Amino acid sequence: MPYLYYFICLMLLCSCGGNSTREKGNGETEIALSTAGKNEVKYVNSIKIISPGKNKIYNFGEDITIQFENKEHFPIDSSSVFINGHEIARLGKNVNRHILRLPENKAGYTSIKIMSWHPDNKRSTATVRIRLKPTQAPEKYTYKILKVFPHDREAYTQGLQYWNGYLYEGTGQYGESSIRKTDMQSGNILSVLNIDSQYFGEGITICNDKIYQLTWRSKKGFIYNLKTFTLESTFNYNSEGWGITTVGEHLIMSDGSNKLYHVTPSGFSIIKEVEVYDHNGEVSQLNELEYVNGLVWANVWLTDRIVAIDPETGVVKAELDMTGLLPESDRAGLNEKDDVLNGIAWNAEKNTFYVTGKRWPKIFEIKINE
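To keep things clear, this report deals only with the structure shown in the data block. (Residues numbered from 1 in each chain as written. Predicted model: local features only at pLDDT ≥ 70, side-chain atom pairs only at ≥ 80, totals over all residues. Heavy atoms only, no water.)

Some remarks on the overall build of the protein chain
Argument step 1. Looking only at helices and strands, one finds one helix and 33 strands in the protein chain.
Argument step 2. Long-range contacts, defined here as pairs at least 24 residues apart, represent 53% of the contacts in the protein chain between residues at least 6 apart.
Argument step 3. Carbon and sulfur atoms make up 48% of the accessible area of the protein chain, which totals about 19300 Å². (Helix = DSSP H or I, 4+ residues; strand = E, 2+ residues; numbered from the N terminus. Contact = heavy atoms within 4.5 Å. Areas by Shrake-Rupley, 256 points an atom, 1.4 Å probe, with all protein chains shown as cover.)

As structure tokens, this is what we get:
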């Protein structure tokens, strides 16, 4: 029986997979459990992107060379190339160069990342941001003036909207800012609400029977009842406020940069940002906005240019040169520095635009010749 007992114990010790035994100095046997180490990745700073250069502008669909170097004591087993977080290529052992055809689906900043694997489970990453622009110039539209309406010369126009036969307007300047409802034919102001003099009024839009109004540098906006002009609530944002328009169930705003911000009507949280570019580069100073048939039309502040932007890609698809719209005889007394073209409203029933400027005496109804 003792022999059977010792035999069973010996079998149990041998059957403990991954365990080992060693002899202690006193003759006793110690059982050691296996502690095999995990293959943990160790990140090192071993690679550097040589090209493309940081913030350099490239065209849609252009072929560029991605090249990077590694430190001598970190040979490369393999590498991956990522565009905006998506892997698009695998490179072999000690390969540090790749020809990449740039995407054509969105303008603006694009991130290129290289991830390299080295022996002993070491890994390194390097990232560079470049900018993409369309190769094709915007289509140049022309227009025809159909009718001219009176406009209040005291109105420093910041936002314009046509709604159910009436013109709604947001005006600016400290101590002069307001929202108003105007009869198109006579130019008579039917309703007006002056906002507190501490605010510089900016763009307006109508969404869900509410009027949304931005302010310039206060980072605060107002929501009014469309019928009564009573203030219902406020909202905040982290940039300047310039133009705003309604796109389906959400809003798009500008802040004077080359960005359009897609935001929610409730809470005003940012859904996404889109950068605006034409074939020459970024297009900034985007002011009063109007959404029409899939495009955002925007005044470019201090110019006579209106651009039509794809709000998903940021590409300027078309443009209008409005030079000479307001006759020289009507420009008398205007401030040439800022009493400029600003204000776009769309009449969906007639497929026409109403355009005006800050303190201009006239509003023009125009038909676009595409």
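Picking up where we left off.
Concerning the nonpolar core
A general trend in soluble globular proteins is that nonpolar side chains are found buried together.
Argument step 1. Ile64, Phe68, Leu100, Leu102, Ile112, Ile114 and Ile130 are the most contacted members of the largest nonpolar core, which totals 23 residues.
Argument step 2. Counting only elements with at least two residues in this core, the list comes to β4 (47-51), β6 (63-70), β7 (78-83), β8 (86-91), β10 (108-118) and β11 (122-133).
Argument step 3. When sequence neighbours within four positions are dropped, the list of residues in contact with Phe68 reads Ile47, Lys48, Ile49, Ile50, Ile76, Ser79, Leu91, Val95, Asn96, Arg97, Ile114 and Ser116.
Argument step 4. Membership of the second largest hydrophobic core comes to 21 residues, among which are Leu295, Leu326, Val355 and Phe364. (Core = buried A, V, L, I, M, F, W, Y, C linked by side-chain atoms within 4.5 Å. Buried < 20%, exposed > 50% of the residue type's maximum accessible area, 1.4 Å probe, protein only.)

Description of the side chain of Asn225
Argument step 1. Locating Asn225 in the fold gives a position in strand β19 (residues 220-225).
Argument step 2. Excluding its chain neighbours within four sequence positions, the residues that come into contact with Asn225 are Asp209, Thr230 and Glu232.

What to know about the sheet that holds strand β32 (residues 352-357)
Argument step 1. Pairing is mixed in the open sheet, where eight strands are placed in the order β27-β28-β29-β30-β12-β33-β32-β31. Pairing within the sheet leaves two strands with one partner each, and these edge strands are β27 (286-292) and β31 (341-347). Adjacent strand axes in the sheet meet at a mean angle of 30° when their direction is disregarded.
Argument step 2. Sheet analysis places strand β12 (residues 139-150) next to strand β30 (residues 316-321), joined by three bridges and oriented parallel. Its bridge partner being in β30, Glu139 is matched across the sheet by Ala318. (Pairing = 2+ DSSP bridges. Axes fitted to C-alpha atoms, helices over the stretch in contact; angles between N-to-C directions.)

A few points about the side chain of Ser254
Argument step 1. Along the chain, Ser254 falls in strand β22 (residues 250-254).
Argument step 2. In this structure Ser254 comes out as buried when scored by relative accessible area, which is 0%.
Argument step 3. Within the structure, the side chain of Ser254 is placed 3.0 Å from the backbone oxygen of Leu286, a separation counted as a polar contact.
Argument step 4. When near neighbours in sequence (up to four residues on either side) are disregarded, Ser254 contacts Glu240, Gly241, Trp242, Gly243, Lys259, Leu260, Leu286, Asn287 and Leu289. (Polar contact = N/O pair within 3.5 Å; in protein donor to acceptor, adjacent residues only side chain to side chain.)

Looking at the packing of aromatic side chains
Argument step 1. The final tally for this structure, using the stated rule, is 16 aromatic pairs.
Argument step 2. Between the aromatic rings of Trp346 and Phe353, the centroid separation amounts to 4.7 Å while the plane-to-plane angle is 55°, which identifies the pairing as tilted. Both residues of the pair, Trp346 and Phe353, belong to the buried class.
Argument step 3. Ring pairing ties together the aromatic residues Tyr141, Trp297, Trp346 and Phe353, which thus form one cluster.
Argument step 4. Note that Arg129 overlies the ring of Tyr109, its terminal NZ or CZ placed 4.0 Å from the centroid. (Phe/Tyr/Trp six-rings, centres within 6.5 Å; stacked < 30°, edge-to-face > 60°. Lys NZ or Arg CZ within 6 Å of the ring centre and 35° of its normal.)

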